[in-house]
Amino acid sequence: MERKETRKTYFPNLPNEEELDLFFSPLERIASWFPTIASLSMLLGLLGTVIGINTAFGEMEAQGKVSLEILAGGIKDALNTTIVGLLVAIPSLFFHRVIENKIRYISELIIKDHTKLQ
């Protein structure tokens, strides 16, 4: 869709807003999942963090003493789940913005193609 000839194939005449919405709706439906995936991954990362810290304190309680070795294992698990959550969330939000901007850019190009001719 970057090439003018390709856009003219799909839209020989100036499209109205409904036609543009219909054309981009499959891509927008897919793009709408990215923020959901990002939110869920961040929440799952947070859940893993809470479980890891809870496990560490549970182990300390079971052994009846506070030690760095016991605490380190739970904190390591907590940090690992946080990292994984962020590794999923950040690219999801990035690609959501990329797709949104690409849709906006192409629709502007389509309209610009037809307004220059008139």
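Scroll up to find the structure this text is about.
Residues numbered from 1 in each chain as written. Predicted model: local features only at pLDDT ≥ 70, side-chain atom pairs only at ≥ 80, totals over all residues. Heavy atoms only, no water.

1. With respect to the overall build of the protein
Right, so step 1: Across its full length, the protein holds four helices and zero strands.
Right, so step 2: Counting from the amino terminus, the protein carries its helices and strands in the arrangement α-α-α-α.
Right, so step 3: Rg of the C-alpha trace for the protein: 24 Å, well past the compact-globule value of 13 Å for 118 residues, more than 25% over.
Right, so step 4: When the 118 residues of the protein are sorted by exposure, 25% land in the buried category. (Helix = DSSP H or I, 4+ residues; strand = E, 2+ residues; numbered from the N terminus. Rg over C-alpha atoms; globule rule 2.2 N^0.38 Å. Buried < 20%, exposed > 50% of the residue type's maximum accessible area, 1.4 Å probe, protein only.)

2. Some details on the pattern of salt bridges
Right, so step 1: Counted according to the given criterion, the structure contains three salt bridges.
Right, so step 2: Here R7 and D113 are joined by a salt bridge, their closest N and O atoms 2.6 Å apart. Pair noted here: R7 is in helix 1 (residues 4-10) and D113 is in helix 4 (residues 68-117), with a separation of 106 residues, a long-range link. The pair formed by R7 and D113 is uniform in burial state, with each residue classed as buried.
Right, so step 3: When the shortest N-O distance is used, the salt bridge between R97 and E100 registers 2.8 Å. Pair noted here: R97 and E100 are both in helix 4, with a separation of three residues, about one helical turn.
Right, so step 4: Residue E100 is classed as partly exposed on the basis of its relative accessible area, which comes to 27%. (Salt bridge = Lys/Arg side-chain N within 4 Å of Asp/Glu carboxyl O.)

3. What about a negative patch on the surface?
Right, so step 1: Together, E17, E18, E19, D21 and E28 make up a region of like negative charge exposed at the surface.
Right, so step 2: Of note, E18 is situated in helix 2 (residues 17-31). (Patch = residues over 30% accessible without salt bridge, like charges linked within 9 Å, V, L, I, M, F, W, Y side chains within 5 Å. Areas by Shrake-Rupley, 256 points an atom, 1.4 Å probe, with all protein chains shown as cover. Lys, Arg positive; Asp, Glu negative; His and termini not counted. Charge placed at Lys NZ, Arg CZ, Asp CG, Glu CD.)

4. Regarding the packing of aromatic side chains
Right, so step 1: Tallying each qualifying case throughout the model produces four aromatic pairs.
Right, so step 2: Look at F23 and F24: their rings are 5.0 Å apart centre to centre, the planes differ by 85 degrees, and that puts the pair in the edge-to-face class.
Right, so step 3: You can call F24 buried: its relative accessible area is 7%.
Right, so step 4: Counting every residue linked through ring pairs, the aromatic cluster contains Y10, F11, F23 and F24. (Phe/Tyr/Trp six-rings, centres within 6.5 Å; stacked < 30°, edge-to-face > 60°.)

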